[in-house]
Amino acid sequence: MADGSLTGGGLEAAAMAPERTGWAAEQEPASLEKGLFQDEDSCSDCSYRDKPGSSLQSFMPEGKTFFPEIFQTNQLLFYERFRAYQDYILADCKASEVQEFTAEFLEKVLEPSGWRAVWHTNVFKVLVEATDVDFAALKAVVRLAEPYLCDSQVSTFTVECMKELLDLKEHRLPLQELWVVFDDSGVFDQTALAIEHVRFFYQNIWRSWDEEEEDEYDYFVRCVEPRLRLHYDILEDRVPSGLIVDYRNLLSQCEESYRKFLNLRSSLSNCNSDSEQENISMVEGLKLYSEMEQLKQKLKLIENPLLRYVFGYQKNSNIQAKGVRPSGQKITHVVSSTMVAGLLRSLLTDKLCQEPSEEEREIQFHSDPLSAINACFEGDTVIVCPGHYVVHGTFSIADSIELEGYGLPDDIVIEKRGKGDTFVDCTGADIKISGIKFVQHDAVEGILIVHRGKTTLENCVLQCETTGVTVRTSAEFLMKNSDLYGAKGAGIEIYPGSQCTLSDNGIHHCKEGILIKDFLDEHYDIPKISMVNNIIHNNEGYGVVLVKPTIFSDLQENAEDGTEENKALKIQTSGEPDVTEGVDLEELMQCATGKMELYARTDLSEQVEGNCEIVNELIAASTQKGQMKKKRLSELGITQADDNLMSQEMFVGIVGNQFKWNGKGSFGTFLF
């Protein structure tokens, strides 16, 4: 056997192909964890073993017939497949050269004969023996092995039928349909791994239209690497489940369109030139081609790790509300893993008994909160009883409903499993959530996103993993008496044009406490923010961070130039009143906070200083935006620009907040 370098390891993936048959799905669950945490020694080069014997594991196929064990080769890690395709199989080939490069690779590592394999299709499994390999066609020449072993879904499939089928195929079978029988000598390790790489590539990476794309030397970079990364991201639950469904549907649609396109192109080659039928077919061909290009662009968006989350956000934010139930009735959904008599009596007394004047309301019982949320229509209420609930999907709330816990938050825990999906997605006009603890583990998405509408969170606990709460543009978020901690990003992200009211909350042990996105661009609206009596402590960075462009910082530094355009900005940054404007810093702060007292004493405490610092910076940023707006209006010939500070949408209401033990201080800015 010629020297080659294939690595064996432990992670199989069967997530991207629209359909997967065979033992890949059977082997995956038991081996996934082992593959992720295997020792490096198990991934060493098979060609340079210090001791004889196979370095691969075996696997017993399931079925009615007792087949011999096969090599367990479909558990390779990402970097092992990456290395094999980049360094040994594809290198810098073009899409049109993939089969040629693969054949050259197989000639170096594949034993041409002497090995047995299980030929596995959707209908049957049969034991065969390889007598030769057609490398150029990526096929093996086989014969039926002795003794004859076959496991078929069709009872009439006899040995004579199998021989006839092999004769029709000239005894040549695609390598990806063969699973090499285990041999502990190690002689056929490379053969088994090489066939696994071929099988994986053509099942998960290769697309039938790849050869018609740009035939450049960067095929691996353009196509193989992003598809391979997506495959493992899906396997490791790092992609939203809805996006996975979309991706598979897009693949199926694109394959179907491409098949129609090929058939149409073939029919055109047989048509008489200038015929009416040819003209019609050409128009249909152009439509199919345009449809294919759109589908391929969508596939590339999802395959690109930087763009797929934008695509996913657009998908999730467009969830349609169901509206009022057709019967007009509102339902109360009760969630409990087990319902006992005492709990039911308490519910009837506290929540379910209605006043005589109220109309009867239907009650439905659920064992998990996700099914209850999915069953809701406009105006419904979900009551979650004490217990620990584990969910594997997203709470997509598009209607105005109430989700409330019956008891203390620590007694009503909803835990999210799966890394790819947001925990709670809110798009309803008026959503209320109260009395629940949300727990997130190993996530890549935030714990709650308010895309639009109003969401109220009261008396809740949010144990975050990545970003905490995200308040998107045009959304409104009200959070009261709640506790948020553990975010590796910001505890709360506030986007331009949103409204955010935070009252009596604890935000702690996050990367940053609160992050206010840049709103100085002319296309952005100023957010309306109110922060009252919050305790923001023990965050790694700042308690509150304002994101703004570097050009604005430069303008602040030059505010002392004395020009008319910088007068208002000078008031904010220097703290010295300008007589010509007639407004001092104290008045600005009163306007900004709705004329609330800001404890303007000479002996300000650290906490109050933090409130004032945030107010000053936000006032400066808001005033700068007002000046920019005034300048744009002047350039358009509109001279009646209102200089009244209240008309400049002074948006902050910040009072009584405490900032303690934050790594970089109570307030900071991030320049970009």
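Residues numbered from 1 in each chain as written. Predicted model: local features only at pLDDT ≥ 70, side-chain atom pairs only at ≥ 80, totals over all residues. Heavy atoms only, no water.

**What about the overall build of the protein chain?**
Item 1. In terms of regular secondary structure, the protein chain is built from 15 helices and 34 strands.
Item 2. In the protein chain, which comprises 672 residues, the share counted as buried stands at 49%.
Item 3. Restricting to contacts in the protein chain with at least 6 residues of sequence separation, those with at least 24 account for 69%.
Item 4. Looking at the protein chain as shown, the accessible area adds up to about 32100 Å², and 48% of this sits on carbon and sulfur atoms. (Helix = DSSP H or I, 4+ residues; strand = E, 2+ residues; numbered from the N terminus. Buried < 20%, exposed > 50% of the residue type's maximum accessible area, 1.4 Å probe, protein only. Contact = heavy atoms within 4.5 Å. Areas by Shrake-Rupley, 256 points an atom, 1.4 Å probe, with all protein chains shown as cover.)

**With respect to the pairing of strand β11 (residues 381-384)**
Looking along a regular strand, one sees the side chains alternate between the two faces of the sheet.
Item 1. Across the two faces of β11 the burial is the same, with T381 and I383 and V382 and V384 all buried.
Item 2. Here strand β9 (residues 331-335) runs beside β11; their pairing, made up of four bridges, is parallel. Directly across from T332, in β11, lies its bridge partner T381.
Item 3. Sheet topology note: the β11/strand β14 (residues 402-405) ladder contains four bridges and is parallel. Among the inter-strand pairings, V384 is bridged to a residue of β14, identified as G405. (Pairing = 2+ DSSP bridges.)

**Points about the confidence of the model for the protein chain**
Item 1. Put simply, the protein chain has an average pLDDT of 79, and 74% of its residues get 70 or more.
Item 2. A low-confidence stretch, residues 24-51 stays under pLDDT 50, and its non-local contacts, those more than four residues away or across chains, total 54 contacts.
Item 3. Confidence over residues 559-604 falls short of pLDDT 50; this stretch has 73 contacts with residues more than four positions distant or in other chains. (pLDDT = per-residue confidence, 0-100.)

**As for the sheet that holds strand β21 (residues 461-463)**
In a beta sheet, neighbouring strands are held together by backbone hydrogen bonds and run either parallel or antiparallel to one another.
Item 1. Here eight strands make up an open sheet; going across it, the order is β12-β15-β18-β21-β24-β27-β30-β33 and the pairing parallel. Every interior strand has two partners, whereas the edge strands, β12 (387-391) and β33 (658-660), have only one. On average, each strand axis in the sheet is tilted by 10° relative to the strand beside it, whichever way the strands run.
Item 2. Note that strand β15 (residues 412-416) and strand β18 (residues 437-440) share four bridges and pair parallel. Bridge pairing in β18 places I414 opposite F438. (Axes fitted to C-alpha atoms, helices over the stretch in contact; angles between N-to-C directions.)

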